[in-house]
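Close look at the chain arrangement
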Amino acid sequence: MTESEDDSRLGDSPAEGASAVKNSRPLQTLLADTKASRQVVKLQHGGQSPLQPHPPSLPKLSQGRKSCSMEETVRSRRLKNSQESLSDPVETSSSSDSLKDDRADLLSSASFLLHGVKSNPCSKAPGFRDRGSSLSDHERRPHSPLDDHRGRLAKVRLSPLQPSGPLPALEKNLVSASLRSTNRIDRDCLDYCVSARENPPGLHRNLSDSRLLDNMGSGRASVNSMRSNYSVLNPIRPQDVRNRSFLEGSVLGSGALLGPDELDRYFPDRRLGVYIATWNMQGEKGLPTNLDDLLLPTDSEFAQDFYIVGVQEGCPDRREWETRLQETLGPYYVMIYAAAHGVLYLTVFVRRDLIWFCSEVEHATVTTRIISQIKTKGAVGVGFTFFGTSFLFITSHFTSGDAKVYERILDYNKIIEALALPKSLPDTNPYRSSASDVTTRYDQVFWFGDFNFRLSKDRADVEAIMNQTAGDDTTPLLELDQLSSEMKDGSVFKGFQEAQIHFRPTYKFDIGCDVYDTTSKQRTPSYTDRILFRSRQVDDIKVVKYSSCSSIKTSDHRPVIGVFQVKLRPGRDNIPLGAGQFDRTLYLEGIRRRISRELKRREAMKNQSSSTICTIS
C-alpha cells in the first residue's frame, strides 16, 4: 500500500474525521503541529491500528485521468452540487445550506491536518477562483488562522460574472434617453395648471387636453405608447405599414384604424360628447355680437367632441354664419360638413384630433311644400360613421299654425320616407333597418328644429299657468303640449325620446326683450323648438344638459341647446373614410378673426389703463 493510498483511506470516513477533530487539541495548535502530524502518520504506515476501521477500497480510476485524493473527489462533488443549487431558486435562498457548507469546510480542514493530504493539480480550479475573487468568502467573513488552508482546500463558491470591461459612468438622471423622449409631451397636451405657476401670463388651462392625457396615463394603450421614442402615440411597426391597407378589416383585426385598440386610446369609456343647438333666426340680417353663450356656456365644465348647429329661417349670408361659428369655436374644431335646404342650415363641427376616424359625410334634403321650389319648410339630414357608430342629424321646420297638428304629422311622415340616406355608407345593422323610415338605418339619431307644435290653450290660460307655477316646474304646461300628446299616441316620432324640460317656452318673444308677443296677434307661448333623439340600443344616449339660451334675443325664438353622451363601438375599416377633409378656407378665416378680435381687445385694455383723469383742486 502506497502512502497516498493510506492517506486517502484515512480521510475517507467523515465520521472518523469528525471524531478526530472533536478529540484533538484546539485548531490553532493543530496548525502549528502540521509536520508532526504527518510524521505520526508515516510511523503508523507499517501496521493497521486496532482502533482504526478499515475503509472500503477505492474505485479504480480510468486511464488517461490523473489520480486524485478522496478529499478532492468529495470537493468536486460538492462543487457540482453547488452549481446545481445555484440553478435552483429555492436552494440558493436556503440558510441550512450555509451551515452544511461550514461543517464541510471544517471537516476538510481537519482531514488535511490529520492526514496530510497533498495538493493535487486537479483541485486548484484557478478559473473559478479568479471569477469569484471579487465576492469570495474571505472578504465576507472575519479572517482566521484556518483561512490560509481554506484558500486552497475549502469549497469553491460561484459568484456572478463580472463584466470584461469597465462600466460606463452613470449620469445624474438615471432615466434612459428613450424614456426621456417619451416624456416630452406636445404643448397642446400639457396641463397648463403646472406651467401657469412658472409662467403666469399667456397660459391657460386646457381642460379637454388634460383630461385626455389623464385617460392615456392609465390603460393598456398608454403602456403600449411608451414604446415609442418620439411621442405618446401608439408605435407603428414597419411590418404593419407593409401589410396594412386600411381599406378593409374586421372588428377583431389588430391595428385597425377604427378598431377597438384605437377607440380605447381616444375614448377609454367609449363615450362621445355631442353638443346640439337649434335656433329659428327669423331671417334677421344682424347676427349676435357674441355666440359664446350659444356654443360655449359658462356652466359647462368641458367642451364637447361634436358641435351640431341647425338653424331655421337662417340669415341671408350663410357663409357669414358659418364663419362666425368657426370664430367662436376656435382652432380646436374644424367644420367637416355643411348642408342647406333653402333657409335651413345644418353645420357639423368636429374636434380637430378626431377627423381621421370619420367617414365620408352624406346629406339629403326634403321639402314639405306642395311646390318643391319653395324651400322654407322641410328638412335637411347629414349622416356619417364615426368609428363603428353611425350618426344621423336632422334639422327641420314643420308647418306653422296653432291648429295644424295633422299637417305637421304629414310633414314628419314625408321626411322619414323621402330622406334618401345613407347613400354609399354601409349600414352598421341592416337587420334592424326599414326602407320606409330613415331613422331606423342609423345607430344614433338626433332630430331637432322648429316643429311648431303649440300649447293647446288660449294665451290668457297659458299665462295664468305660467304665473302660478314657480321655478322650473313645467309639468302643467307640458300637459298642454301637442307634441308630447302625439308622441304618446305613437303618431309622430316613433321610438324617439326627449329630456325633461325645465325652461320657459321658447316662442314667441318680442325682439330684444323677454316679453312674449305683444302684437295684435297675441300668439300663445309654446315649446316649438325641440331636440329629440333615438338609438338602436337602449341607454346608448344619456342626457347631460337640456335648456334654452335666454341671452340671445335677436329673434322671436330662443335657441335650445342639448348636451349628450353617446355610446361608441369599434368599427370596420371597410367604410369610405373622410381622410381628414374639412373646410380649410373657413378655418383660416375664423382664426384670423379671432386674432384680430384679441388684438383689438388688448389695445382697448392698454388704452384704458394708460388714460388719466385730470382734476383741479
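Quick look at the structure, then.

On to the sheet that holds strand β4 (residues 344-351), then. Pairing in this open sheet of 6 strands is mixed, and the strands run β3-β4-β2-β1-β11-β10 from one edge to the other. One side of each edge strand has no neighbouring strand; the edge strands of this open sheet are β3 (333-341) and β10 (541-548). If you compare each strand with its neighbour and ignore which way they point, the axes differ by 15° on average. When β3 meets β4, the two strands line up antiparallel, connected through 8 bridges. Of the residues in β4, the one forming a bridge with Ala-338 is Thr-347.

Moving on to the sheet that holds strand β9 (residues 529-535). An order of β5-β6-β7-β8-β9 is seen for the 5 strands of this open sheet, with the pairing classed as mixed. Every other strand in the sheet has two partners, leaving β5 (362-367) and β9 as the edge strands with one partner each. Neighbour-to-neighbour, the strand axes of the sheet open up by a mean angle of 15°, direction not taken into account. Direction of pairing for strand β6 (residues 378-386) relative to strand β7 (residues 389-397): antiparallel, over a ladder of 9 bridges. Among the inter-strand pairings, Val-380 is bridged to a residue of β7, identified as Thr-395. Here helix α19 (residues 405-418) sits on the sheet and contacts β5, β6, β7 and β8 (444-450); the angle it forms with β5, its principal contact strand, is near 145°.

It is worth spelling out the packing of helix α18 (residues 318-329) against helix α23 (residues 584-610) at this point. Packing of α18 against α23 brings their axes to within 8 Å, and their N-to-C directions diverge by 60°. Taken as axis vectors, α18 and α23 run oblique relative to one another. At the point where α18 passes α23, the crossing takes the right-handed sense. Across the interface between the two elements, Arg-319, Glu-320, Glu-322, Thr-323, Arg-324, Gln-326, Glu-327, Thr-328 and Leu-329 from α18 touch Thr-585, Leu-586, Tyr-587, Glu-589, Gly-590, Arg-593, Arg-594 and Arg-597 from α23. Taken together, the residues of the contact of α18 with α23 break down into 3 nonpolar, 5 polar and 9 charged.

Take Gln-312: it is sitting in strand β2 (residues 306-312). Exposure remark for Gln-312: the relative accessible area of 0% places this residue in the buried category. A distance of 3.2 Å separates the side chain of Gln-312 from the side chain of Thr-278, its partner in a polar contact.

A word on unusual backbone geometry. That bond from Leu-421 to Pro-422 is cis: its omega, -10°, falls within 30 degrees of zero. Positioned with a positive phi, Arg-270 is a non-glycine residue whose angle comes to about 55°. Mapping Arg-270 onto the fold places it in the loop between α16 (260-266) and β1 (271-280). For Arg-270, a relative accessible area of 22% translates into the label partly exposed. Phi angles above zero are rare outside glycine, and Asn-452 is one such case at about 65°. Tracing the backbone shows Asn-452 in the loop between β8 and α20 (459-468).

Before going further, it helps to examine the pattern of salt bridges. Under the defined criterion, the tally for this structure stands at 24 salt bridges. Here Asp-481 and Arg-530 are joined by a salt bridge, their closest N and O atoms 2.9 Å apart. One end of the pair, Asp-481, is in the loop between α21 (475-478) and α22 (482-489); the other, Arg-530, is in strand β9, with 49 residues separating them in the sequence. Residue classification places Asp-481 among the buried residues on the basis of a relative accessible area of 1%. Note on Arg-530: relative accessible area 0%, which makes it buried. Between Asp-556 and Lys-508 there is a salt bridge, and its shortest N-O distance comes to 3.4 Å. Placement of Asp-556 in the loop between β10 and β11 (560-567) and of Lys-508 in the loop between α22 and β9 is noted, with a sequence separation of 48 residues between them. According to the relative accessible area criterion, Asp-556 is buried, its value standing at 7%.

Turning to the environment of Val-361, a few remarks are in order. Structurally, Val-361 can be placed in the loop between β4 and β5. Sequence spacing of Val-361 and Gly-383 is 22 residues, and the spatial spacing of their C-alpha atoms is 5.9 Å.

For α20, every residue scored as buried is listed here: Arg-459, Val-462, Ile-465 and Met-466. One side of α20 carries all its buried residues, which in axial view fall inside an arc of 130°. For α20, the exposed residues lying more than 90 degrees away from the buried face are Ala-460, Asn-467 and Gln-468.

Moving on, we get to the side chain of Gln-444. In this fold, Gln-444 is placed in strand β8. A polar contact of 3.3 Å, which involves the side chain of Gln-444, links it to the side chain of Asp-540. Contacts of Gln-444, omitting those with residues within four sequence positions, involve Thr-389, Ser-390, Phe-391, Leu-392, Arg-534, Ser-535, Asp-540, Ile-541, Val-566, Lys-567 and Arg-569.

The terminal C-alpha atoms of α23, which comprises 27 residues, lie 39 Å apart, in line with the 39 Å expected from a rise of 1.5 Å per residue. Of the residues making up α23, those classed as buried are Leu-586, Tyr-587, Gly-590 and Ile-591. For α23, the secondary structure elements touched by its buried residues are α18 and β3. Capping the start of α23 is the job of one residue whose side-chain oxygen sits 3.4 Å from the backbone nitrogen of Thr-585: Asp-583.

Here the focus is the environment of Phe-267. Mapped onto the elements of the fold, Phe-267 is located in the loop between α16 and β1. Here Phe-267 falls in the buried class, since its relative accessible area comes to 6%. For the pair Phe-267 and Leu-568, spaced 301 residues apart in sequence, the C-alpha separation works out to 8.4 Å. Not counting chain neighbours up to four residues away, the residues in contact with Phe-267 comprise Leu-272, Asp-305, Leu-354, Phe-386, Phe-387 and Leu-568.

Rules and cut-offs
Within each chain, residue numbers correspond to sequence positions counted from 1 in written order. Thresholds applied to this predicted model are a pLDDT of at least 70 for local features of residues and 80 or more for the giving and counting of side-chain atom pairs; totals over whole chains, interfaces and linings are not thresholded and use all residues. Computation of side-chain values covers all heavy atoms of the structure but excludes hydrogens and water. Criterion used throughout: strands pair if DSSP finds at least two bridges between them. Secondary structure elements are defined from DSSP: runs of H or I of at least 4 residues count as helices, runs of E of at least 2 residues count as strands, and each element is numbered from the N terminus. Each axis is a line fitted through C-alpha atoms, and for a helix only the stretch in contact is used; angles between axes span 0 to 180 degrees, taken between their N-to-C directions. We call two residues contacting when some pair of their heavy atoms lies within 4.5 Å. Each angle gets one of four labels, with under 35 degrees taken as roughly parallel, over 145 as roughly antiparallel, 65 to 115 as roughly perpendicular, and the rest as oblique. Each crossing gets its hand from how the near helix is turned against the far one by less than a right angle, where anticlockwise is left-handed and clockwise is right-handed. Any residue outside Ala, Val, Leu, Ile, Met, Phe, Trp, Tyr, Cys, Pro, Asp, Glu, Lys and Arg is labelled polar, Gly included; the first ten of those are nonpolar and the last four are charged. Burial status follows relative accessibility: with a 1.4 Å probe on protein chains alone, a residue under 20% of its type maximum counts as buried, one over 50% as exposed, and anything between as partly exposed. Definition of a polar contact: a pair of N or O atoms within 3.5 Å, with one able to donate and the other able to accept a hydrogen when the atoms are protein atoms, and with sequence-neighbouring residues admitted only if both atoms are side-chain atoms. Each salt bridge in this description consists of a side-chain nitrogen of Lys or Arg and a carboxyl oxygen of Asp or Glu lying within 4 Å of one another. By construction, the arc corresponds to the directions joining the helix axis to the C-beta atoms. Expected helix span is computed as 1.5 Å times (number of residues minus one).

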